[in-house]
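Close look at the chain arrangement
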Amino acid sequence: MWLHPPPIHTVDLDQLKRRIPLLDYLRQTHWTPRRTGTQPEFVGFCPFHQETKPSFYVNARKNLFYCHGCGRGGDLIRFVELSQGLSFRQTIAYLQQQLAPPVPQDVLAETAAFYRLQFHRRPEALEYLAQRGLRDGSLIEELGIGYAPGGNLRRHLMAHGFGVAQLHDAGLINLQRRDAFCRRVIFPCRQFGHIVNFYGRSIGAAFPHRFLPRSKGGLFARETVRQSASIVLVEGLFDLAILWQAGFRNTTCALGAHLTSAHLEQLTQPPSGPVYIVFDQDENQAGQQASRQLAQQLESVGLVALIVRLPENHDPNSHFLAGATAADFQACLSAAQPL
Ligand SMILES: [Zn+2]
C-alpha cells in the first residue's frame, strides 16, 4: 500500500500525469463524458456535488478539469486528492500504485525479458525479421521484439519462483505444461507501459498468429500516436513495424481488422485527426470489405476515415518488401478516398 510513499523529489509528476490521462482515469471511475462541441472538451455530472445539469468540464488535451457548479478544478493529482481524500504525497503514491503492475504482470515482464534474450541467441528469429523487411536494430529493440524457441520458458520461469498454476493461468503453458509459444517471433503488447499480452508470429508451419488468451489491450502504441495529426491504421504488427521503420510513426494497429468499442473510444476521446485505413488488398476482397465497414464505423462516431488502396494482393509489409519506398507509400496515402 501507500503507507511508505517515495520521496516526492524523485517522482516525475509530468510523466505520471502523461501516463495516466485524466479522461482515462475518470472513465475508470465510471464518469460518463459527453463531447461539448469544442474539441477536446468533455462535460458530465460533477463527482463532487449533486446536480441536475452537467457542469463538470474536462479538457482532454490539457488534462485539466473544472466544475462551474462548485468551482473545484485542477489536474489528475488534484482530482485524486479531492475524490479520495488523500494528501498530495499519498496521492502520488496512490497513482504510482495504479501504474504498478499487478502480480501477473511480473510473469509477463519476466517472459518478455527471457524472449529478448532468446532472440539474441537464435539466428532464426533475426533471419525471419529480415525476410519480412525489418532490419533496423534500434526499432527491433524499441518494439521489444523477442523469440520463443519453445521448450525452455517453463523451466526458466519456475527457476524464477513462478508456479505452474500461475504460468497456466497466464496462458504461457498449456495443459500438458508445454510452452504455448513455440518457434514464434514475439511482440509484447503494452498498455500504460505494461505488458498485457504477446503476439507470436510463427516462423514455421504452425498457425501464423497467436495471442495469450487474455485482453490484447487497446490500440498498439496508442500513447505514441495520440498526439499525431493523422493516424495510419493497419491490420498487423509486421505492417506497423515496417511503416515505423519507413518513418510513418503515426501508425497504429488493433491487432486485426475489427475495432472494438474500446478502440473506437481511444480514437474519439479526444477525437483523432483523419484515420487512414490500410488493410490487406485480398483477392477475395475480405480486406477491402473490412476497410469499408470500418470506415462506416469511424464515420458514425464523427471521425474522418480515408481508405488507402495498395497495389493488388499487397499489405503494407509486402508492399515495402516488393520495393516500395516511403515516397511510394506517401503517394498511396495522398490518393486515399473517403467511402
Ligand atoms: Zn462540482
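Just so you know, these numbers come straight off a predicted model, no measurement behind them.

**Focus: the domain arrangement of the chain**
According to the domain assignment, the chain consists of domain 1 (8-99), domain 2 (103-211) and domain 3 (222-334). With centres defined by C-alpha atoms, the gap from domain 1 to domain 2 works out at 36 Å.

**A few points about the packing of helix H3 (residues 76-84) against helix H4 (residues 88-99)**
H4 packs onto H3 with a crossing angle of 105 degrees between their chain directions and a minimal axis gap of 9 Å. As judged from the angle between their axes, H3 and H4 are roughly perpendicular. Contacts from Ile77, Val80, Glu81 and Gln84 in H3 reach Phe88, Thr91, Tyr94 and Leu95 in H4. For the contact of H3 with H4, a count of residues per class yields 5 nonpolar, 2 polar and 1 charged.

**Quick notes on the sheet that holds strand S7 (residues 184-191)**
Sheet strands associate in pairs through backbone hydrogen bonding, adopting either a parallel or an antiparallel arrangement. Read across the sheet, 4 strands follow the order S6-S7-S8-S9 without closing on themselves; strand pairing throughout is antiparallel. Because the sheet does not close on itself, it has two edges, and the strands there are strand S6 (146-148) and strand S9 (209-211). Going from strand to strand, the sheet's axes swing by 35 degrees on average, the running direction of each strand aside. For strand S8 (residues 194-202) and S9, the ladder comprises 3 bridges, and the chain directions are antiparallel. For Tyr199, the partnering residue across the bridge sits in S9 and is Phe211.

**Overview of the sheet that holds strand S2 (residues 41-44)**
Strand order in this open sheet of 5 strands is S1-S2-S3-S4-S5, and the pairing throughout is antiparallel. Both edges of this open sheet fall to strand S1 (34-35) and strand S5 (73-74), since each of them pairs with a single strand only. Taken together, the 2 bridges between S1 and S2 define a ladder with antiparallel strand orientation. Along S2, the bridge assignment pairs Arg34 with Val43.

**Quick notes on H4**
Over its 12 residues, H4 extends 17 Å from the first C-alpha to the last, a length consistent with the 16 Å expected when each residue adds 1.5 Å. Residues of H4 that are buried make contact with helix H1 (13-19) and H3.

**Focus: the environment of His194**
Relative to the elements of secondary structure, His194 occurs in strand S8. Exposure remark for His194: the 16 C-beta atoms within 10 Å place this residue in the partly exposed category.

**Details of the nonpolar core**
Ile186, Leu233, Cys253, Tyr276, Ile277 and Val278 are the most contacted members of the largest nonpolar core, which has 64 residues in total. Among the elements that make up this core, the one with the highest residue count is helix H11 (residues 237-245) (7 residues). If you count residues domain by domain, this core takes at least three from each of domain 2 (103-211) and domain 3 (222-334). If we ignore the near neighbours within four places in the chain, the residues touching Tyr276 are Ser230, Ile231, Val232, Leu233, Leu306, Val308, Leu333 and Ala336. Formed by 16 residues, the second largest nonpolar core is a distinct cluster that contains Leu22, Phe42, Ile92 and Leu95.

**Thoughts on the environment of Ser261**
Turning to its location among the elements, Ser261 is positioned in helix H12 (residues 261-268). By the C-beta count within 10 Å, which is 9 here, Ser261 ends up exposed. Separated by 36 residues in sequence, Ser261 and Gln297 place their C-alpha atoms 10.0 Å apart.

**Let's talk about the environment of Gln285**
Tracing the sequence through the fold places Gln285 in the loop between strand S12 (275-278) and helix H13 (286-300). Considering only alpha carbons, one finds Gln285 and Glu41, 244 residues apart in sequence, at a separation of 39 Å.

**Re H13**
Here H13 is 15 residues long and its end C-alpha atoms lie 21 Å apart, about the 21 Å a rise of 1.5 Å per residue gives. In this structure, the buried residues of H13 make contact with S12 and strand S13 (305-307). One or two residues past the end of H13 sits Gly302, with phi positive at roughly 90 degrees.

**Here we look at unusual backbone geometry**
For Asn63, which is not glycine, the phi dihedral falls at a positive 60 degrees. Structurally, Asn63 is set in the loop between strand S3 (56-59) and strand S4 (64-67). In this structure Asn63 comes out as buried when scored by C-beta crowding, with 20 C-beta atoms within 10 Å. The backbone of Leu255 shows a phi angle near 55 degrees, a positive value even though the residue is not glycine.

Thresholds applied
- Residues numbered from 1 in each chain as written.
- Predicted model: local features only at pLDDT ≥ 70, side-chain atom pairs only at ≥ 80, totals over all residues.
- Domains from an automatic or database assignment.
- Axes fitted to C-alpha atoms, helices over the stretch in contact; angles between N-to-C directions.
- Helix = DSSP H or I, 4+ residues; strand = E, 2+ residues; numbered from the N terminus.
- Parallel < 35°, antiparallel > 145°, perpendicular 65-115°, else oblique.
- Contact = placed C-beta atoms within 7 Å.
- Nonpolar A, V, L, I, M, F, W, Y, C, P; charged D, E, K, R; others polar.
- Pairing = 2+ DSSP bridges.
- Expected span 1.5 Å × (residues − 1).
- Buried ≥ 20, exposed ≤ 12 C-beta atoms within 10 Å, placed from the backbone.
- Core = buried A, V, L, I, M, F, W, Y, C linked by C-beta atoms within 7 Å.

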